[in-house]
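Topology and contacts: notes
The residues making up each chain are set out below.
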Amino acid sequence: MTTPFVEANGARIPAIGLGTWDLRERTCVRMVEQALRLGYRMIDTAEMYGNEREVGEGLRAFGIPRARVFVTTKVWPDHLAPRELERATKESLAKLKLSEVDLLLIHWPNPRIPLADTIGALCRMKREGFARHIGVSNFTVDLIAEAVKLSTEPLVTDQIEWHPFIDQTKVVEACRSSGLSVTAYSPLARGRVLSDETLRRIGVRHGKTAGQVGLRYLIQRGAIVIPRSSRPEGLAANFAIFDFELTPAEMTEIARLAHPRGRIVDWSGAPDWD
Ligand SMILES: NC(=O)c1ccc[n+]([C@@H]2O[C@H](COP(=O)([O-])OP(=O)(O)OC[C@H]3O[C@@H](n4cnc5c(N)ncnc54)[C@H](OP(=O)(O)O)[C@@H]3O)[C@@H](O)[C@H]2O)c1
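What counts and how
- Residues numbered from 1 in each chain as written.
- Predicted model: local features only at pLDDT ≥ 70, side-chain atom pairs only at ≥ 80, totals over all residues.
- Heavy atoms only, no water.
- Salt bridge = Lys/Arg side-chain N within 4 Å of Asp/Glu carboxyl O.
- Helix = DSSP H or I, 4+ residues; strand = E, 2+ residues; numbered from the N terminus.
- Buried < 20%, exposed > 50% of the residue type's maximum accessible area, 1.4 Å probe, protein only.
- Right-handed = clockwise from strand over helix to strand, strands pointing away.
- Pairing = 2+ DSSP bridges.
- Axes fitted to C-alpha atoms, helices over the stretch in contact; angles between N-to-C directions.
- Parallel < 35°, antiparallel > 145°, perpendicular 65-115°, else oblique.
- Left-handed = near helix turned anticlockwise from the far one by under 90°.
- Contact = heavy atoms within 4.5 Å.
- Near = heavy atom within 4 Å.
- Polar contact = N/O pair within 3.5 Å; in protein donor to acceptor, adjacent residues only side chain to side chain.
- Areas by Shrake-Rupley, 256 points an atom, 1.4 Å probe, with all protein chains shown as cover.

Bringing the pattern of salt bridges into the picture now. Counted by the stated rule, this structure contains 20 salt bridges. Across the salt bridge formed by E253 and R201, the nearest N and O atoms sit 2.8 Å from each other. In this pair, E253 sits in helix α10 (residues 248–255) while R201 sits in helix α7 (residues 197–206), placing the two residues 52 residues apart along the sequence. Of the residues examined, E253 reaches a relative accessible area of 22% and is grouped as partly exposed. The exposure class of R201 is partly exposed, given its relative accessible area of 40%. Here K208 ties to D243 by a salt bridge, and the two come within 2.9 Å at their closest N and O atoms. Here D243 lies in the loop between α9 (232–239) and α10 and K208 lies in the loop between α7 and α8 (210–220), a separation of 35 residues in the sequence. Taking relative accessible area as the criterion, K208 reaches 15% and is therefore assigned buried. Among the charged side chains, a network of salt bridges with common partners joins E86, K90, R124 and E128.

Below is the structure:
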């Protein structure tokens, strides 16, 4: 089965990818290989996950032609000064054993380093052929506007926490108006989506689980989703979301699950921009 794509500022990004945070060693290699076998065509990793070697090994174990898989990695906020960003990117590529990634992201903003410097270095990575596309992660509405203004190359995504328990409408609108896609991380709210009663009830109507309903909701909102699983059955379940459609009434009901304390990824250690 071919997955749908999301188009954004010249990039064509598979609508579902495998998230790999916390997938380690042989589990990571096996899950990447198994995901590709199931039809996933995007893998999301990061310098910080410490598994780029294993992601690369999984890609080679399956033997997929390079042009048919979309690989994203991210630069950690400690490495956003231009020289550091270049070094970190080249190290990521060496670990992945790739000559370029499809998407290179700033993992988190770092207010101690001028954004203009970081964006300049990110653009250079694209121009010099180390990244086909560039983007950001954990950027707020104001930061997106600033980054877009500073960038001489198109930014193609903002990767943010998004699942039915969090309202990201403002960031999503900011991305849309500048042509960026939104990539939803922790789309299963680290498993909490699976036990939600509303999602479960809607799922029964469609012969789907609460998790599949939650992921489908994000897809119908135009997101790219990157669920993680360390089990082949989890990978398969998360991929089986393209053969049913939620009604407008169901979409509205799911949107009502969002609440102010719905965020699960801790921002307390994140740099304060205000
Ligand atoms: N840019 C950023 O700052 C950032 C931050 C966080 C995450 N991310 C990215 O987003 C990816 C996904 O987010 P996440 O890893 O935080 O969490 P997630 O994908 O929302 O949830 C993963 C959890 O859900 C469980 N799960 C997955 N599929 C399941 C299924 N079909 N049935 C039952 N349980 C299931 C997994 O357990 P099992 O392993 O047992 O299936 C795991 O405990 C990450 O891996 C990473 O690539 C990016």
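Burial analysis of strand β9 (residues 181–185) places five of its five residues in the buried class, the great majority of the element. Burial along β9 is two-sided: S181, T183 and Y185 and V182 and A184, pointing in opposite directions, are all buried. For the crossover from strand β8 (residues 155–161) across helix α6 (residues 169–177) to β9, the handedness is right-handed. Bridge count for β9 against strand β10 (residues 224–225) is two bridges, and the pairing is parallel. Each residue of the ladder has a partner; that of T183, found in β10, is I224.

This paragraph deals with the packing of helix α4 (residues 115–127) against helix α5 (residues 141–150). At a minimum axis distance of 9 Å, the contact between α4 and α5 shows a crossing angle of 55 degrees. Comparing the axis directions of α4 and α5 gives the class oblique. The way α4 lies across α5 gives a crossing that is right-handed. Here α4 contributes L115, A116 and I119 to the contact with α5, which in turn contributes L143, E146, A147 and L150.

On to the pairing of strand β1 (residues 5–8), then. Where burial is concerned, the two faces of β1 differ: the one with V6 and A8 is buried and the one with F5 and E7 is not. Pairing geometry for β1 and strand β2 (residues 11–14), over four bridges, is antiparallel. Across the sheet, residue V6 finds its bridge partner in β2, namely I13. The hairpin formed by β1 and β2 contains two residues between the paired strands, and N9 there has a positive phi angle of roughly 45 degrees.

Not every one of the 28 residues close to the ligand is listed here, only the nearest: D44, R190, R228, S229 and S230. Within the contact set of the ligand, an oxygen atom lies 2.9 Å away from a side-chain nitrogen or oxygen of N138. Between the ligand and P187 there is a distance of 3.4 Å, counted from an oxygen atom to a backbone nitrogen or oxygen. In isolation the ligand has 910 Å² of accessible area, and contact with the protein removes 86% of it.

With that settled, consider unusual backbone geometry. The phi angle at N138 is positive, at roughly 60 degrees, despite the residue not being glycine. As for its position among the elements, N138 is in the loop between β7 (131–137) and α5. Since its relative accessible area comes to 1%, N138 is described here as buried. For S186, which is not glycine, the phi dihedral falls at a positive 45 degrees. Its location among the elements puts S186 in the loop between β9 and α7. For S186, a relative accessible area of 13% translates into the label buried.

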